[in-house]
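# Structure assessment
Take a look at the letters that make up each chain.
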Amino acid sequence: MNAEPSGDLYRKTESVVVPNSNINNDNNNNSSSCSSNSSNSRHTATRSQANNPIMPPTPTPNAPSTLAAATSAVAPSSVNASSSPPEPSLRASLPSTLPTELFFDRDLEATIPAGMALSEWKARVELACMYRVFFARGWDEEVINHITLRVPGPDAHFLINPFGLYYGEVTALNLVKIDLSGREVDPSPYTVNRAGFVIHSAIHGARPDDAHCVIHTHSTPGVAVACKEEGLRMDNFYSIFLHGQVAYHPFEGVTVRMGEQERLVANMGHKSVLILQNHGLLVAGPSTARAFFTYYALHRACEIQCATQSMPGRNVPISEAVAVGGLQGAEDADPEGALHWKIFAGAVRRAGIRRVEDVTG
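Conventions used here
Residues numbered from 1 in each chain as written. Predicted model: local features only at pLDDT ≥ 70, side-chain atom pairs only at ≥ 80, totals over all residues. Heavy atoms only, no water. Helix = DSSP H or I, 4+ residues; strand = E, 2+ residues; numbered from the N terminus. Buried < 20%, exposed > 50% of the residue type's maximum accessible area, 1.4 Å probe, protein only. Contact = heavy atoms within 4.5 Å. Areas by Shrake-Rupley, 256 points an atom, 1.4 Å probe, with all protein chains shown as cover. Pairing = 2+ DSSP bridges. Core = buried A, V, L, I, M, F, W, Y, C linked by side-chain atoms within 4.5 Å. Axes fitted to C-alpha atoms, helices over the stretch in contact; angles between N-to-C directions. Parallel < 35°, antiparallel > 145°, perpendicular 65-115°, else oblique. Left-handed = near helix turned anticlockwise from the far one by under 90°. Nonpolar A, V, L, I, M, F, W, Y, C, P; charged D, E, K, R; others polar. Salt bridge = Lys/Arg side-chain N within 4 Å of Asp/Glu carboxyl O. Arc of directions from axis to C-beta. Expected span 1.5 Å × (residues − 1). pLDDT = per-residue confidence, 0-100.

## What about the overall build of the chain?
The helix and strand inventory of the chain stands at 13 helices and nine strands. Burial status across the chain gives 48% buried among its 361 residues. Pairs at least 24 apart in sequence give 68% of the contacts found in the chain among residues at least 6 apart. Of the roughly 16,300 Å² of accessible surface on the chain, a fraction of 53% belongs to carbon and sulfur atoms.

Printed below as a string of structure tokens:
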């Protein structure tokens, strides 16, 4: 990663730095020997639709828009001090709000269900976006696996996908809100997967301050690495982003017994990654963006490890001194200090999501 963004990738205005609208990011289309042919075929149409330029087209004046889409309407670098400021609808504090919000409050408020707090609606929309991103990339598996998000507020409530719907069917409205006992907080026509409740409620309950978003998957490269006795090796570009943050939990069968929760929590400790041996991957983060970044790095690390293990010859080792600074080096590459949010927002756009309505119905 370069320390400064390239002039070809970014264009600057007096208000904000935004990615160039002509760049098409195909980074995640890399294949490995661990890629599942059946998974890839299931998502061919969706991925094709998602291969849009990284920046959406300039929105129409009255259309609901993401912050990133709205900023694409700001004049390019030819503006000067006498130019008119951005429209009030873009907010006066764009630089500070752009990296940490997916949508403007005005667009969220226009779609919020009656009686729901704006903070919960934001959480629902963010989580629905995450499910759509995972679906677009083939990181889901039929109607199982889970991504959960704590609902802001004093109560220990969190959102989970309805059992029986695949990720592409999950919306901000049909996410199920439950408490740590697995009871529905609000009425829902859907049930919750018991295994999802056992794993996710354990992590949310034990780490209320930093495990706000929890991701669990059975991706082919993730399960493959989880089956290896040596686990994840710290010898590729992405794995060192996770240096010192990977823990392991031995396989106890399908996770439906409450007694396993204590051992899950103890084995994970305060780390952000738990590799469930012979089973899959689990990531926890303080926000959707941070959890997504961690999972992205973990998934790519597993893909690359699978690929290198299928090739003859030994891997080139990475020194401990270099590995220790892997994550900090990646984060330092963004001069605005918002790497996680920028990557998550880009993934949302790449999945074809442009408006709140794209994930609400």
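## Concerning the pairing of strand β5 (residues 176–179)
Burial along β5 is two-sided: the residues Val176 and Ile178 and Lys177 and Asp179 are all buried. Inspection of the sheet shows strand β4 (residues 157–160) paired to β5 by four bridges, in the antiparallel sense. In the sheet register, Leu159 faces β5, and the bridge partner there is Lys177.

## Details of the nonpolar core
If you look at the biggest cluster of nonpolar residues, it comprises 59 residues, and the most contacted ones within it are Val125, Phe134, Ile147, Ile215, Leu232 and Phe292. At the level of secondary structure, the elements contributing two or more residues to this core comprise α6 (118–137), β3 (146–150), β6 (213–217), α8 (220–226), β8 (273–276), β9 (280–285), α10 (288–309) and α13 (339–350). Contacts of Ile215, omitting those with residues within four sequence positions, involve Met130, Phe134, His146, Ile147, His200, Leu281, Leu282, Val283, Ala291, Phe292 and Tyr295. Ranked by size, the runner-up nonpolar core spans 11 residues in total, among them Ala211, Val214, Leu276 and Ala284.

## Comments concerning the packing of helix α7 (residues 194–206) against helix α9 (residues 260–268)
Contact geometry for α7 and α9: axes closest at 9 Å, N-to-C directions at 55°. Between α7 and α9, the angle falls in the class oblique. Classified by chirality, the crossing of α9 by α7 is right-handed. Residues Phe197, Val198, Ile199, Ser201, Ala202, Ile203 and Ala206 of α7 lie in contact with α9, whose contacting residues are Gln261, Leu264, Val265 and Met268. Its residues assigned to classes, the contact of α7 with α9 shows nine nonpolar, two polar and no charged.

## So, the pattern of salt bridges
Applying the stated criterion to the full structure yields 14 salt bridges. Through salt bridges with shared partners, a single network forms among Glu120, Arg124, Lys177 and Asp186.

## Concerning α9
Residues of α9 that are buried include every one of Glu260, Gln261, Leu264 and Met268, and no others. With its buried residues spanning 105° around the axis, α9 presents them on a single face. Turned more than 90 degrees off the buried face of α9, the exposed positions are Glu262 and Ala266. Of the surrounding secondary structure, the elements contacted by the buried residues of α9 are α7, β7 (246–249), β8 and β9. Positive phi appears at Gly269, one or two residues downstream of α9, with a value of about 60°.

## Examining the sheet that holds β3
Spatially, seven strands are ordered β5-β4-β3-β6-β9-β8-β7 in an open sheet, and the strand pairing comes out mixed. If you trace the sheet from one side to the other, it starts and ends with β5 and β7, each paired once. For this sheet, the mean angle separating the axes of adjacent strands, direction not counted, is 20°. Strand direction decides the pairing type here: β6 and β9, joined by five bridges, are antiparallel. Within the sheet, the bridge partner assigned to Cys213 lies in β9 and is Gly285. This element, α9, spans β7, β8 and β9 of the sheet and lies at about 155° to β7.

## A word on α7
The α-helix advances 3.6 residues per turn, and as a result positions three or four apart in sequence lie on the same side. Here α7 contains 13 residues, and its C-alpha end-to-end distance of 18 Å stays within 8% of the 18 Å for a straight helix at 1.5 Å per residue. Here α7 lies mainly inside the structure; 10 of its 13 residues are buried. Those residues of α7 not exposed but buried are Ala195, Gly196, Phe197, Val198, Ile199, His200, Ser201, Ala202, Ile203 and His204. Against β3, β4, β5, β6, α9 and β9 lie the buried residues of α7.

## As for the confidence of the model for the chain
Taken as a whole, the chain shows an average pLDDT of 77; of its residues, 72% reach a score of 70 or greater. This stretch, residues 1–33, has a pLDDT under 50; its non-local contacts, to residues over four places away or in other chains, come to 76 contacts. For the stretch residues 35–99, pLDDT sits under 50, and the model shows 108 contacts to residues farther than four places along the chain or on other chains.

## Topic: the environment of Gly153
The topology assignment puts Gly153 in the loop between β3 and β4. Among the residues examined, Gly153 registers a relative accessible area of 47% and is labelled partly exposed. Sequence separation of Gly153 and Ala117 is 36 residues, and the distance between their C-alpha atoms is 9.9 Å.

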